[in-house]
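# Report on the structure
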Amino acid sequence: MNPIELFGKIIEISHSNLEISSRIKSILNIISQDLHYEEVMAYTLDQDKRLTCRYLNDRSTLFPILNKYRCRVGEGIAGGVAQKRAPQHFTSRDIPPRFGCLFYPELDGQIERFKSFAFLPLSDDSYLYGVLVAISTREAIQDSEKILLSMLSREIGGILRTYSLIIESKKRISELATLSELGRVLASDVEPEELLKNIALIVAKALSAQFVTIKLEYPFLRIGSQRFTNGTIEPLMMQYVNEMEIESIKNKRSMSLKDHISEAEEGHLRFSLHTSPMMSKNRIIGAITMGASKAQYFIAEEDGRSLINTISNYMSNGLENTLLNRRLRDVVRELNDAQKRLIEQEKLKSLGEMTANIAHEIKNPLVIIGGFAKRLAKKTHLDQTENRYIDIILKEVTRLESILNEVLNYVKEGPTLTGACDINSCIDEIISLFAPDSTWKDIKIEKMFDNKLDPVICDSQQIKQVFINILMNAFEAMDGRGTIEVKTEQSVVNGKMFMSAAISDTGGGIDPSIMENIFNPFFTTKEKGTGLGLAISNKIVTNNNGRLEIKNMVGKGATFIVYLPLENKTGEGFV
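Residues numbered from 1 in each chain as written. Predicted model: local features only at pLDDT ≥ 70, side-chain atom pairs only at ≥ 80, totals over all residues. Heavy atoms only, no water.

### Overview of the pattern of salt bridges
- Counted according to the given criterion, the structure contains 17 salt bridges.
- Across the pair Arg138 and Glu145 runs a salt bridge whose closest N-O atoms are separated by 2.7 Å.
- Here Arg138 falls in the partly exposed class, since its relative accessible area comes to 25%.
- Within the structure, one salt-bridge network assembled from shared partners comprises Asp46, Arg54 and Arg70. (Salt bridge = Lys/Arg side-chain N within 4 Å of Asp/Glu carboxyl O. Buried < 20%, exposed > 50% of the residue type's maximum accessible area, 1.4 Å probe, protein only.)

As structure tokens, then:
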């Protein structure tokens, strides 16, 4: 065929919009048909400096053999051509056995039917992209044909070069888009848990990975979990992930699965992994790992490590600053809350002292009034109306004394007698006190106790009073008919272990407009209530380094939750 016409066809294909594999295959078929080569194949040089036999003509029978092994640069004829970037031509008389590569044993008995062989570098002036192999049953290759093959190999090299630039550009655009999205997430106000989940999702999408997992090495951050994963990690993969994270963090360098295991072991695995440490100011804050199936092997090997390193370096400082800002915000909020509670306590202390003095002053006249009323009641000549008046006076005096006693109990600062308390037994004992009461016959009590709950160090008598108050409130909220659910369990609050006891009722909940005043002393919605029951309960729980919370569901009921620290030391509890 006329070389000019041949070049015309190849250049037309080269500049077409066909996918790269279709273009190269079409060119290899033209070389096969027009220049009479039975086998025309193209090796590509991958980023790990290995040659892969990737493209073939339609008539090729040797491709399945050559495709099985990825030879190194300098290994065999193809590797030697790649190393020296110079073409080599052979005949059946001087061709090295197995093309000079020991790892092609299946070529034995396959190449004897061929007479001439051409190996040419696919390159331009600067880069090598692979090796072209042309094999024929003709006796020899003419010099003019060798020149033509060299020109064609440069054209194929140009196609690979253009494709490489396009892929590199797309990769850089993808990296910039990913980094931009990560920057937006890092600058957002979402909570740390949601932030890390979003980062894992963005990286998994950018890498087309089966999974991406982030492991934190940040002990002072109050985050429930130290691992955040997008995707599914199989048990076998998880084993390697844990090992690689430890090694990567220890050595402060990124690594792939093939760096961690032997080449023989790698061949039996169906996945590839990449781990990169997240470092800020030479301090490890964690590690990020991506996993891909073997179907994505080349993508993962060539692009995965580079991209995940770029992402890790970019987000390390930003992630640390973001998490520290979240921590600082939490600390500031806790300090503000503590300051408000301190001011409130000082106010209550002053009010308590005043209230105690007033209560004592009122109590003395009440004793006198009650005493004289009792003396009058003993007189037999009083008529029925006068006796009724005396009874009313005695009842009201008793009620006033009861109110004054509650006020004094609230304001006085008695000693806290701490000791080990089994909360489950404590609540059981209280429930057994109410059960025989006929007014509780329409109350159903459901107990869901954590039997593995450790004892709590607290004043058990005071804590009993808290549960009695809450249960009585639930009873009154349901008008003596409904279900009370009592649940105990261990809870983690602000990074510390607490016992939580939740008492829920079906009394329709609390009016949202009064929720802010629910623990205020003397606030009540009951006709005969003093408004001190919940105030005293809240004070008792606080004095035992715990916290009393309410979850209100309007129309359904309310849940009172008592939190008590499992390791209760003076000054340690809710900040």
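We are not done yet, so read on.
### Quick word on the pairing of strand β16 (residues 496–504)
- Counting buried positions along β16 gives 7 out of 9 residues, so the element sits mostly inside the fold.
- Inspection of the sheet shows strand β15 (residues 482–493) paired to β16 by 9 bridges, in the antiparallel sense. If you follow Glu489 over to β16, its bridge partner there is Ser500.
- Examined bridge by bridge, β16 and strand β18 (residues 557–565) share 7 bridges and lie antiparallel to one another. Note on β18: the bridge partner recorded for Ala502 is Ile561. (Helix = DSSP H or I, 4+ residues; strand = E, 2+ residues; numbered from the N terminus. Pairing = 2+ DSSP bridges.)

### Considering the side chain of Ser123
- With respect to the helices and strands, the residue Ser123 is situated in strand β5 (residues 116–123).
- Accessibility expressed as a relative area gives 9% for Ser123, which makes it buried.
- When near neighbours in sequence (up to four residues on either side) are disregarded, Ser123 contacts Leu128, Tyr129, Ser153, Arg154 and Gly157. (Contact = heavy atoms within 4.5 Å.)

### Points about the sheet that holds β5
- Taken together, the 6 strands give an open sheet; going across it, the order is β3-β2-β1-β6-β5-β4, and neighbouring strands pair in antiparallel fashion. Looking along the sheet, the strands with just one partner apiece sit at the ends: β3 (71–72) and β4 (88–91).
- Judged from the 8 bridges that link them, β5 and strand β6 (residues 128–136) form a sheet pairing that is antiparallel. Paired with Ser123 across the bridge in β6 is Leu128.
- Packed onto the sheet, helix α2 (residues 20–34) meets β1 (39–45), β2 (50–56) and β6 and runs at close to 70° relative to β2. (Axes fitted to C-alpha atoms, helices over the stretch in contact; angles between N-to-C directions.)

### Some thoughts on the nonpolar core
- Counting residues in hydrophobic clusters, the biggest one holds 40 residues, and the most contacted among them are Ile423, Ile427, Phe467, Ile484, Met499, Val562 and Leu564.
- When contributions to this core are tallied by element, the ones reaching two or more residues are α12 (423–434), β14 (456–458), α13 (460–477), β15, β16, α14 (533–543), β17 (547–553) and β18.
- Counting residues per element, this core draws most heavily on α13, which supplies 7 residues. (Core = buried A, V, L, I, M, F, W, Y, C linked by side-chain atoms within 4.5 Å.)

### Some points on the packing of α13 against α14
- Axis separation between α13 and α14 bottoms out at 9 Å; the angle between their running directions is 145°. The handedness of the crossing between α13 and α14 is left-handed. Here Gln462, Ile463, Gln465, Val466, Asn469 and Asn473 of α13 come into contact with α14, specifically with Gly533, Leu534, Ser537, Ile540 and Val541.
- Considered class by class, the residues forming the contact of α13 with α14 number 5 nonpolar, 6 polar and no charged. (Left-handed = near helix turned anticlockwise from the far one by under 90°. Nonpolar A, V, L, I, M, F, W, Y, C, P; charged D, E, K, R; others polar.)

### Things to note about the pairing of strand β10 (residues 271–280)
- Within β10, 9 of the 10 residues are buried, which leaves the element mostly enclosed by the surrounding structure.
- As judged from the 2 bridges shared by strand β9 (residues 255–256) and β10, these two strands associate in the antiparallel manner. Each bridged residue has a counterpart across the sheet, and for Ser256 the counterpart in β10 is His274.
- Between β10 and strand β11 (residues 283–293), which pair antiparallel in sequence order, lie 2 residues; one of them, Lys281, sits at a positive phi of approximately 55°.

### Considering the sheet that holds β11
- As summarised here, the arrangement of the 5 strands in space is β8-β7-β11-β10-β9, forming an open sheet in which the pairing is antiparallel. This sheet does not close on itself; its edge strands, each paired only once, are β8 (227–231) and β9.
- Here strand β7 (residues 211–216) runs beside β8; their pairing, made up of 5 bridges, is antiparallel. Residue pairing for β8: Phe211 is matched across the bridge by Gly231.
- The sheet strands contacting helix α7 (residues 235–251) are β7, β8, β9, β10 and β11, and the helix crosses β10 at an angle near 35°.

### What to know about the packing of aromatic side chains
- Tallied over the full model, the rule gives 9 aromatic pairs.
- Measuring from ring centre to ring centre gives 4.4 Å for Tyr69 and Phe103, while their planes differ by 15°; the resulting arrangement is stacked. Taken together, the residues Tyr69 in the loop between α3 (63–66) and β3 and Phe103 in the loop between β4 and β5 connect sequence positions 34 residues apart.
- With a centroid separation of 6.3 Å and an interplanar angle of 40°, the aromatic rings of Tyr127 and Tyr129 are classed as tilted.
- Note on Tyr127: relative accessible area 43%, which makes it partly exposed.
- For Arg138, the ring lying beneath its charged end belongs to Tyr37, and the centroid distance is 4.9 Å. (Phe/Tyr/Trp six-rings, centres within 6.5 Å; stacked < 30°, edge-to-face > 60°. Lys NZ or Arg CZ within 6 Å of the ring centre and 35° of its normal.)

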